[in-house]
Amino acid sequence: MVFRNVQVKLFSILVETKEAIAHLVQNCTAEFELNIRKARNILWLYAIDYNLDLRNA
């Protein structure tokens, strides 16, 4: 009976750990995608600014 309780507790810890890792990965992925979008927007603005500079030259 004690061994069964230990098994159940270890399985519970394993499931909680798996869920925590999945949540962490999801958050990191979302933050990474946001940073990529920000970088694209910045590069796009630089491209527009560069084109305007060439037109005014």
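Structure: see above.
Cut-offs used in this document
All chains use their own residue numbering, which begins from 1 and follows the written sequence. A pLDDT threshold of at least 70 governs which residues receive local features in this predicted model, and a stricter bar of 80 or more applies before side-chain atom pairs are shown or counted, although totals over entire chains, interfaces and linings include all residues. As a rule here, side-chain values cover all heavy atoms of the structure and leave hydrogens and water aside. Secondary structure counts use DSSP, requiring at least four H or I residues in a row for a helix and at least two E residues in a row for a strand, with both numbered from the N terminus. Throughout, radius of gyration means the C-alpha value; the globule benchmark is 2.2 Å times the number of residues raised to the power 0.38. Classification of residues uses two cut-offs on accessible area relative to the type maximum, computed with a 1.4 Å probe and protein chains only: under 20% is buried, over 50% is exposed, and between them is partly exposed. For every accessible area listed, the method is Shrake-Rupley and the probe measures 1.4 Å; residues are considered covered only by the protein chains on display. Charge convention: Lys and Arg are scored as positive, Asp and Glu as negative, and His as well as the terminal groups of each chain are ignored. In plain terms, the charge of a residue is placed at NZ if it is Lys, CZ if Arg, CG if Asp and CD if Glu. Nonpolar side chains (Val, Leu, Ile, Met, Phe, Trp, Tyr) are joined into patches within 5 Å and like charges within 9 Å, using only residues with over 30% relative accessible area and no salt bridge. Between Lys or Arg on one side and Asp or Glu on the other, a salt bridge is scored when a side-chain nitrogen of the former is within 4 Å of a carboxyl oxygen of the latter.

(A) Region of the structure containing the overall build of the protein. Broken down by element type, the protein carries one helix and zero strands. Against the globule reference of 10 Å for 57 residues, the protein gives a C-alpha radius of gyration of 25 Å, more extended than a compact globule. Once the C-alpha set of the protein is aligned to its principal axes, its extents read approximately 85 × 5 × 5 Å. Looking at the protein as a whole, 0% of its 57 residues qualify as buried. When the accessible area of the protein is evaluated, it comes to approximately 5,700 Å², of which 66% is carbon and sulfur surface. Placing the 7 positive and 6 negative side-chain charges of the protein at their respective mean positions leaves the two points 8 Å apart.

(B) View of the environment of valine 25. By secondary structure assignment, the location of valine 25 is in helix H1 (residues 2-56). Distance from valine 25 to leucine 54, taken between C-alpha atoms, is 43 Å for residues 29 residues apart in sequence.

(C) Molecular detail of a nonpolar patch on the surface. Where nonpolar side chains cluster on the molecular surface, the patch consists of Val2, Val6, Leu10 and Ile13 and spans about 370 Å² of accessible area. With respect to the secondary-structure elements, valine 2 resides in helix H1. Of the residues examined, valine 2 reaches a relative accessible area of 63% and is grouped as exposed.

Fair warning: the whole summary comes from geometry, so function is off the table for now.
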